[in-house]
Amino acid sequence: MHWIDYRSDTITKPTPEMRKVMAEAEVGDDVFGDDPTVNRLQERVAELTGKEAALFVPSGTMGNQISLNAHTQPGQEVIVEADAHIFYYECGAPGMLSGVQLRPLSGKHGVLTAEQIAAAIRPPDVHQPQTSLICLENTHNRAGGTIYPLEEIQRIARLAREKGIKLHLDGARLWNAAVATGISLKEWCEPFDSVSLCFSKGLGAPIGSIVVGSRSFIERAHYYRKAYGGGMRQVGIIAAGALYAGEHHFERLADDHRHARQIAEALVELPGIQLNLDTVQTNIIIFELNHPTLSPARLVEQLNDNGILIISMGGNKLRIVTHLHITDADVEKTIAVFRQLLGHPGRIH
Ligand code: TLP
């Protein structure tokens, strides 16, 4: 069966061309700083994001966690959005590895305002933890791939600077925000002290993320990468896939956004589906199913029977993510199957 797999944009496999450049990559021991391909990738991304330096890491989770560790001291507090990946999906690592506590605030479509954050910053008080870091996410995964307004980020950055608080971005899918808005990676990254970006999501590389920031931040991050077991050796083989992905799969993210929009516009018409089209800004669709005869779990099964894979986000929420391997024909088939399964109100399943 030809599976149409919307579970995540992490499921993509390297294309034959990508595998070729990976196989032929020049390598060296990266723990010694000797891998020319890793060095080329780090220099390229530092330049693209307008930061002094970059560090290649195995995963987005590690990129976020070493950034948290490099910016904080044990006992301090980190402000995050309540649905952020760092809060929701990183195994409680900030407490486990950095000894910090998270202060989750509920945003609208993943967006916190500067006022909300200002109200949560701790005053100097012997009883209270010190707020030392704010983390934002762009695009915001659990909010449905929503884009953080740049002006709001700039307001938050001014507040953070005034208060001497660092600002980190989980930019796993910042590439998508850049393509969807036409705002460059440099402009998106400028307000932040550190940014983590992933190659293994929309860009379609099999492995790898990168953190960018000032030279002194990257030196500290380097130390934590080693401590977390993320010092890899002849990793140019992997970095070559990331370089290839950045060169060849960046602009094409627009196709993923178009596909998500096409699917969302069809789904919104169907009985039982609740979906706010305003949240479909990039390659993720999160919708709720409240259908009289079809449970979300049953819909997932029935889609599965038709060769279509999607995942539950808990409760009645389901997620579709478009990516490199989804074609126009897949989108057409998906819409037809959804219509067949949900298109007739009152049909017994
Ligand atoms: N997201 C994955 C799952 O972990 C949920 C997915 O399928 O979307 N930041 C954001 C915003 C992410 O969405 C993810 C992965 C990460 C960080 C972590 O990246 P990895 O999986 O490389 O550690």
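Analysis parameters
- Residues numbered from 1 in each chain as written.
- Predicted model: local features only at pLDDT ≥ 70, side-chain atom pairs only at ≥ 80, totals over all residues.
- Heavy atoms only, no water.
- Buried < 20%, exposed > 50% of the residue type's maximum accessible area, 1.4 Å probe, protein only.
- Helix = DSSP H or I, 4+ residues; strand = E, 2+ residues; numbered from the N terminus.
- Pairing = 2+ DSSP bridges.
- Near = heavy atom within 4 Å.
- Polar contact = N/O pair within 3.5 Å; in protein donor to acceptor, adjacent residues only side chain to side chain.
- Areas by Shrake-Rupley, 256 points an atom, 1.4 Å probe, with all protein chains shown as cover.
- Nonpolar A, V, L, I, M, F, W, Y, C, P; charged D, E, K, R; others polar.
- Salt bridge = Lys/Arg side-chain N within 4 Å of Asp/Glu carboxyl O.
- Domains from an automatic or database assignment.
- Contact = heavy atoms within 4.5 Å.
- Buried area = accessible area lost by both parts, 1.4 Å probe.

## Thoughts on the pairing of strand S10 (residues 284-289)
Next, step 1: Burial within S10 is extensive, with five of its six residues counted as buried.
Next, step 2: The pairing of strand S9 (residues 273-274) with S10 spans two bridges and is antiparallel. Following the sheet pairing, Gln274 is matched in S10 by Glu288.
Next, step 3: Judged from the five bridges that link them, S10 and strand S13 (residues 317-321) form a sheet pairing that is antiparallel.

## Examining the site of the ligand
Next, step 1: Surveying the vicinity of the ligand reveals 15 residues, the closest of which are Ser8, Gly60, Thr61, Asp170 and Arg173.
Next, step 2: Asp170 places a polar side-chain atom, nitrogen or oxygen, 2.7 Å from a nitrogen atom of the ligand.
Next, step 3: Taken by itself the ligand offers 510 Å² of open surface, and the protein chains cover 81% of this.
Next, step 4: Sorting elements by how many residues they give to the shell around the ligand places helix H3 (residues 60-71) first, with three residues.
Next, step 5: Residues that form the shell around the ligand fall into these classes: two nonpolar, seven polar and six charged.

## Some words on the pattern of salt bridges
Next, step 1: Enumeration according to the criterion identifies 16 salt bridges in this entry.
Next, step 2: Here Asp328 makes a salt bridge to Arg258, at a shortest N to O gap of 3.4 Å. Note that Asp328 is positioned in helix H14 (residues 328-342) and Arg258 in helix H12 (residues 253-267), a separation of 70 residues in sequence.
Next, step 3: For Asp328, a relative accessible area of 42% corresponds to the partly exposed category.
Next, step 4: Residue Arg258 is classed as partly exposed on the basis of its relative accessible area, which comes to 36%.
Next, step 5: Here the salt bridges share partners, and the residues they tie into one network are Glu77, Arg103 and Arg122.

## Notes on the domain arrangement of the protein chain
Next, step 1: Here the protein chain is described as being made up of domain 1 (15-248) and domain 2 (252-341).
Next, step 2: Once you take the C-alpha centre of each, domain 1 and domain 2 turn out to be 28 Å apart.
Next, step 3: Facing the 20 residues of domain 1 at the interface are 15 residues of domain 2.
Next, step 4: For the pair domain 1 and domain 2, the summed buried surface comes to about 1500 Å²; carbon and sulfur atoms form 56% of the total.
Next, step 5: Considering only the surface of domain 1 that becomes buried against domain 2, Arg142, Gly144 and Asn176 emerge as the three largest contributors, covering 29% of it.
Next, step 6: Along the contact surface separating domain 1 from domain 2 lie zero salt bridges.
Next, step 7: Remark: the boundary between domain 1 and domain 2 carries four residue pairs in polar contact (both at pLDDT 80 or more).
Next, step 8: In terms of residues, the side of domain 1 that touches domain 2 owes the most to one element, helix H8 (residues 174-181), which gives four residues.

## Thoughts on the side chain of Asn69
Next, step 1: Looking at where Asn69 falls in the secondary structure, it is placed in helix H3.
Next, step 2: According to the relative accessible area criterion, Asn69 is buried, its value standing at 8%.
Next, step 3: Setting aside chain neighbours within four positions, we find Asn69 in contact with Leu97, Ser98, Tyr224 and Tyr228.

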